[in-house]
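Survey of secondary and tertiary structure
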2 protein chains.
Amino acid sequence: MTTRIGILGYGNLARGVEASITQNPDMKLVAIFTRRDPSGVKIHTTGVPVVSVDSIEQYKDKIDVLVICGGSATDLPEMTPKYSAMFNCIDSFDTHANIPQHFDNVDAACKANNKTSLISAGWDPGMFSIQRLYANCVLPDGKDYTFWGPGVSQGHSDAIRRIQGVKNGKQYTIPIDSALEAVRSGKGPSLTTRQKHKRVCYVVAEEDADLAYIENEIKTMPNYFADYDTTVNFISEEIFNRDHSGMNHGGFVFRSGTTGFDRDNRHIIEYSLKLDSNPEFTGSVLIAYARAIARLNAKGDYGCKTVFDIAPALMSHLSDYDIRAHLL
Amino acid sequence: MTTRIGILGYGNLARGVEASITQNPDMKLVAIFTRRDPSGVKIHTTGVPVVSVDSIEQYKDKIDVLVICGGSATDLPEMTPKYSAMFNCIDSFDTHANIPQHFDNVDAACKANNKTSLISAGWDPGMFSIQRLYANCVLPDGKDYTFWGPGVSQGHSDAIRRIQGVKNGKQYTIPIDSALEAVRSGKGPSLTTRQKHKRVCYVVAEEDADLAYIENEIKTMPNYFADYDTTVNFISEEIFNRDHSGMNHGGFVFRSGTTGFDRDNRHIIEYSLKLDSNPEFTGSVLIAYARAIARLNAKGDYGCKTVFDIAPALMSHLSDYDIRAHLL
């Protein structure tokens, strides 16, 4: 069975989804929808139309799953419920605190229109969430640890760029080795914010900018930097463009728990991702879940789903027999 | 909802299941069934009967899930289909090559009797299988690596003990650090058997045994040791009993894959377990899946299942709302 995919948006994540489709022979890209003037959007795949989002309803019967590549702040809360009235949708909504509200909105739209959508796919939320859930089910008595990085935090980079005198800036979140080792040792440590991650910034300053001022503004910024050991490096624009345009990311999920009648045996579950391209990996996760969503909808299982509701077999292009024979 | 559990057998794994029930307030141990004389079986939990397996049918309506703790060689191929005619069952069948046949036998018994059973739960097969499947779905172009240990291999320990002059013996399977590092580096190495694992043996010899003979018999044993770098340590019975009675185990699952239109971005997914007690961790996995199986059966979803067929939310005692709010 071929799954026909539409993509809404054409930024980094959308290109990651587009690339992932080329790795999955049962997936077919039907159209890319844009809020911009379609004539100005040049996509990678040949022979696939770029269509104004105003005409998206014409694709109602031509697409099995619409992958919505928008921002969590304002795009997705509006788009995913809206388009779940027309399509099975998938998004990467990552504002953790608002997930219950977003879920309810998408669920209502799906159920009124016999659609099946999945929210909050990717790696966190997404693959990391699954790891947390499995590990909590298997080790009910224990502690969870999530570390992010090494990788770029978009929000922290934006915060740097808003400081007066900053021309460009990028912030790397880096898990601290001694904290990782303490967790791996099974000691079940209590770790402060400062003990878990450090922040390293690369800043291109405007000519004649006050570097001491910039450095102090960064290091004392509440919420973003004040609770962390932060390093600020001033570099040239040339070096910045050469060395800091990557989109690598990753992180670690641990659960450290005990079993036995006396809870005296300790177990450590560790999951980690080391990703050259955050948007391409995220796009690959979205496409694997698109396969599952199309199948659930075909079975008449409507409503909003999350990664927790999806049996892993539904994500594979292999038959149930083959995955049992080769991967179990 | 309380899930009423029966356990068949009372070895190490069964005790691990029994201990796990004490960590899950929604689980209740109803009875332990034995092929031995029940009067000779002393269990840990007070107030729970030990019952001859000959009377198991009397518990047909008193148990939601029967956890079958038997060996994969001869017990489970017979027991799981047999008892799936009376109960929802769960086992840890781990003879990989025979999984398709075992699945078909259990599936037929379940479907004829409106039961839901799950085979091959634990950590490998089990949690490791899930990791392989998710990683293959997300990274279709890549290579899988599974490493086992450090931990005791029961089969290899048995093989040592069959050698003339050996009083007792234990074999540890140990992943080789340089191989783990090569995989983590993203080089996607091709590794020989010898490069992945080494084998370390602790042997208590009979008085006057020929140690050189024993060492040579071990190191040249086909399939078991000949393809590995093997170390043989002769120790006293006292040291053996003091240092080598643990049941720790663990291992690593990796997938190393590429994405992008030119497949030029590399991603490494790594999952690892470090377990103080193999049977207690395995028992904890079985109990988490018992919850899922009871739910599927209550919904009328009959037949044989594997870990691939189970949405992770089904394994949690938390509500769907709570897992979305707290773990996504």
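Computed from a prediction, not measured in an experiment: that's the story for all the values here.

What follows deals with the interface of chain A and chain B. Across the boundary between the two partners, chain A contributes 71 residues, which contact 72 residues of chain B. Surface buried jointly by chain A and chain B totals about 6,300 Å² across both partners, of which 63% is contributed by carbon and sulfur atoms. One can count zero salt bridges joining chain A with chain B. Connecting chain A to chain B are 32 residue pairs in polar contact (both at pLDDT 80 or more). Broken down by secondary-structure element, the contributors of at least two residues to the side of chain A that touches chain B are α1 (12-21), α3 (99-113), α4 (127-138), β12 (249-259), β13 (265-275), α10 (278-298) and α11 (320-326) of chain A. Residues belonging to the side of chain A that touches chain B are distributed by class as follows: 35 nonpolar, 20 polar and 16 charged. Summarising the sheet, β13 of chain A and strand β13 (residues 265-275) of chain B pair through nine bridges and their orientation is antiparallel. Counted as the bridge partner of I268 of chain A is K274 of chain B from β13 of chain B.

Turning next to the sheet that holds strand β11 (residues 230-234) of chain A. Residue and element names in this part refer to chain A. Pairing is mixed across the open sheet formed by four strands, whose spatial order is β8-β9-β10-β11. Strands with a single pairing partner mark the edges of an open sheet, and in this sheet they are β8 (151-152) and β11. Where β8 and strand β9 (residues 166-175) come together, two bridges link them in antiparallel fashion. What sits directly across from G151, in β9, is T173.

Time to look at the nonpolar core. Generally speaking, a soluble globular protein has its nonpolar side chains buried in company with each other. In this structure, Y83, F281 and Y289 of chain A together with Y83, F281 and Y289 of chain B are the most contacted members of the largest nonpolar core, which totals 156 residues. Once residues within four sequence positions are removed from consideration, Y289 of chain B is found in contact with Y134 of chain A together with I90, L118, A121, I130, V307, I310 and M315 of chain B.

Here the focus is the sheet that holds β13 of chain A. Pairing is antiparallel across the open sheet formed by six strands, whose spatial order is β7(A)-β12(A)-β13(A)-β13(B)-β12(B)-β7(B). Two strands in the sheet have a free side with no partner beyond their single neighbour: β7 (142-148) of chain A together with β7 (142-148) of chain B. The average angle at which neighbouring strand axes cross in this sheet is 10°, direction not considered. Examined bridge by bridge, β12 of chain A and β13 of chain A share eleven bridges and lie antiparallel to one another. What sits directly across from F254 of chain A, in β13 of chain A, is E270 of chain A. Sheet contacts for helix α4 (residues 127-138) of chain B: β13 of chain A together with β7, β12 (249-259) and β13 of chain B; angle to β12 of chain B, the most-contacted strand, approximately 5°. Of the strands in this sheet, β12 and β13 of chain A together with β12 and β13 of chain B are in contact with helix α10 (residues 278-298) of chain B, which crosses β13 of chain A at around 70°.

Calculation criteria
- Residues numbered from 1 in each chain as written.
- Chains lettered and ligands numbered in written order.
- Predicted model: local features only at pLDDT ≥ 70, side-chain atom pairs only at ≥ 80, totals over all residues.
- Heavy atoms only, no water.
- Contact = heavy atoms within 4.5 Å.
- Buried area = accessible area lost by both parts, 1.4 Å probe.
- Salt bridge = Lys/Arg side-chain N within 4 Å of Asp/Glu carboxyl O.
- Polar contact = N/O pair within 3.5 Å; in protein donor to acceptor, adjacent residues only side chain to side chain.
- Helix = DSSP H or I, 4+ residues; strand = E, 2+ residues; numbered from the N terminus.
- Nonpolar A, V, L, I, M, F, W, Y, C, P; charged D, E, K, R; others polar.
- Pairing = 2+ DSSP bridges.
- Core = buried A, V, L, I, M, F, W, Y, C linked by side-chain atoms within 4.5 Å.
- Buried < 20%, exposed > 50% of the residue type's maximum accessible area, 1.4 Å probe, protein only.
- Axes fitted to C-alpha atoms, helices over the stretch in contact; angles between N-to-C directions.

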